[in-house]
Amino acid sequence: QKEVEQNSGPLSVPEGAIASLNCTYSDRVSQSFFWYRQYSGKSPELIMSIYSNGDKEDGRFTAQLNKASQYVSLLIRDSQPSDSATYLCAVNFQGGFKTIFGAGTRLFVKA
Amino acid sequence: EAEVAQSPRYKITEKSQAVAFWCDPISGHATLYWYRQILGQGPELLVQFQDESVVDDSQLPKDRFSAERLKGVDSTLKIQPAELGDSAMYLCASSFFSGQGKETQYFGPGTRLLVL
């Protein structure tokens with residue numbers, strides 16, 4: 001069983017809409033949660049990190065964490081065509097010695 | 001802004017040949033990772049170093065892959081012999097731990113390997 005699960009998509013949203021990306025993880029000791037953006041042919045770029053339950057906002061991005069439900073999400077407000085990319089969820093287990101990445105969700109923002 | 005450096009950016013080789021990738025982490029980052037990413041999948045950890053010591057190499061195919069970080073700074077990943085299935089993006093990342101034990105990984109640009 002995979003430890004970090006994401007819907008592979010593609011998720012298609014119109015320009016200006018809210019894109020909602022979801023990630024679930026297995027029941028292990030987990031401390032840190034990350035969202036990376038990866039453009040085709042490029043390396044992952046860190047866009048958000050979240051460590052405690054609740055919401056964390058950074059510009060158009062909001063990360064939401066619910067440890068009881070083992071669920072972390074990323075909301076992108078006012079989606080732009082430049083947001084079209086694959087979004088990787090990563091979970092750090094066991095206090096920093098193991099980070100597992102999901103397979104990623106492809107997002108398309110239509111102009 | 002400090003970045004993780006990798007070279008080469010692209011490598012084409014024939015199967016059974018040897019290839020080597022180099023990574024220079026962000027200065028001061030004690031932890032260094034090598035990942036392999038196959039198209040359409042997330043990065044898969046190959047090896048993790050803490051300074052010059054290997055912390056995790058459980059997913060490294062040790063019959064053909066080797067990694068070293070002799071002085072605890074830059075690192076080399078080698079494949080010998082290369083196989084067709086090794087075609088992938090090889091990513092290096094480095095990280096630091098904050099005072100509360102929180103870790104953030106930063107990736108280099110990657111090396112795209114094509115084995116013919």
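A brief structural summary. (Residues numbered from 1 in each chain as written. Chains lettered and ligands numbered in written order. Predicted model: local features only at pLDDT ≥ 70, side-chain atom pairs only at ≥ 80, totals over all residues. Heavy atoms only, no water.)

So, on to the packing of aromatic side chains. All chains considered together, the criterion is met by eleven aromatic pairs over all chains. Consider the rings of Tyr36 of chain A and Phe101 of chain A, whose centres lie 5.5 Å apart with planes at 50°: the pair is tilted. With Tyr36 of chain A in strand S4 (residues 30-38) and Phe101 of chain A in strand S10 (residues 98-101), the pair connects residues that are 65 residues apart, well separated along the chain. Ring centres of Phe96 of chain B and Tyr106 of chain B lie 6.4 Å apart, and the angle between their planes is 10°; on these two criteria the pair is classed as stacked. (Phe/Tyr/Trp six-rings, centres within 6.5 Å; stacked < 30°, edge-to-face > 60°. Helix = DSSP H or I, 4+ residues; strand = E, 2+ residues; numbered from the N terminus.)

For the rest of this paragraph, the subject is the nonpolar core. Soluble, globular proteins show a tendency: their nonpolar side chains are buried together. Residue and element names in this part refer to chain A. Ranked by internal contacts, the top residues of the largest apolar core, which has 25 residues, are Val4, Trp35, Val72, Leu74, Ile76 and Tyr87. Where this core is concerned, the elements lending two or more residues are strand S3 (19-25), S4, strand S5 (45-50), strand S7 (61-66), strand S8 (71-76), strand S9 (85-93) and strand S11 (105-110). With five residues, the single largest contributor to this core is S9. In this structure, Ile76 is in contact with Ala17, Ile18, Ala19, Leu21, Arg60, Phe61, Asp83, Tyr87 and Leu107, ignoring residues within four places of it in sequence. (Core = buried A, V, L, I, M, F, W, Y, C linked by side-chain atoms within 4.5 Å. Buried < 20%, exposed > 50% of the residue type's maximum accessible area, 1.4 Å probe, protein only. Contact = heavy atoms within 4.5 Å.)

This brings us to the interface of chain A and chain B. Counting residues at the interface gives 21 residues for chain A, matched by 24 residues for chain B. Surface buried jointly by chain A and chain B totals about 1,600 Å² across both partners, of which 50% is contributed by carbon and sulfur atoms. Applying the counting criterion to the chain A and chain B interface returns zero salt bridges. Between the two partners, chain A and chain B, sit four residue pairs in polar contact (both at pLDDT 80 or more). Put simply, the parts of the chain that give the side of chain A that touches chain B at least two residues each are S4, S9 and S10 of chain A. Per-element tally for the side of chain A that touches chain B: the top contributor is S4 of chain A, with five residues. (Buried area = accessible area lost by both parts, 1.4 Å probe. Salt bridge = Lys/Arg side-chain N within 4 Å of Asp/Glu carboxyl O. Polar contact = N/O pair within 3.5 Å; in protein donor to acceptor, adjacent residues only side chain to side chain.)

All names here are of chain A. Ordered in space as S1-S3-S8-S7-S6, the five strands form an open sheet in which the pairing is antiparallel. Since the sheet does not close on itself, it has two edges, and those belong to strand S1 (4-6) and strand S6 (54-58), each with one partner. The average angle at which neighbouring strand axes cross in this sheet is 20°, direction not considered. Sheet topology note: the S3/S8 ladder contains six bridges and is antiparallel. Bridged to Cys23 within S8 is Val72. (Pairing = 2+ DSSP bridges. Axes fitted to C-alpha atoms, helices over the stretch in contact; angles between N-to-C directions.)

Let's shift gears to the pattern of salt bridges. Any two side chains of opposite charge can pair if their charged atoms end up close together. All names here are of chain A. By the definition in use, this model includes seven salt bridges over all chains. A salt bridge links Arg37 to Glu45, with the nearest nitrogen and oxygen atoms 3.0 Å apart. Arg37 sits in the buried class, given a relative accessible area of 13%. Overall, Glu45 belongs to the partly exposed group, its relative accessible area being 37%. Notably, a salt bridge pairs Arg77 with Glu57, separated by 3.4 Å at the nearest N-O pair. On the criterion of sequence distance, the pair formed by Arg77 in the loop between S8 and S9 and Glu57 in strand S6 is long-range, its members being 20 residues apart. By relative accessible area, Glu57 is classed as exposed at 59%.

Right, let's get into the sheet that holds strand S3 (residues 19-24) of chain B. Consider a sheet: its strands pair through backbone hydrogen bonds, and that pairing is either parallel or antiparallel. All names here are of chain B. The strand order across the open sheet formed by four strands is S1-S3-S8-S7, and the pairing between neighbours is antiparallel. Edge positions in the sheet fall to strand S1 (5-7) and strand S7 (65-68), since each of these pairs with one other strand and no more. Pairs of neighbouring strands in the sheet enclose a mean axial angle of 15°, with direction left out of account. As judged from the three bridges shared by S1 and S3, these two strands associate in the antiparallel manner. Residue Gln6 lies in a different strand from S3, and its bridge partner there is Cys23.

In this section: a nonpolar patch on the surface. The grouping of Ile12, Leu114 and Leu116 of chain B at the surface amounts to a nonpolar patch, some 300 Å² of accessible area in total. Within the secondary structure layout, Leu116 of chain B lies in the segment after strand S11 (111-115). (Patch = residues over 30% accessible without salt bridge, like charges linked within 9 Å, V, L, I, M, F, W, Y side chains within 5 Å. Areas by Shrake-Rupley, 256 points an atom, 1.4 Å probe, with all protein chains shown as cover.)

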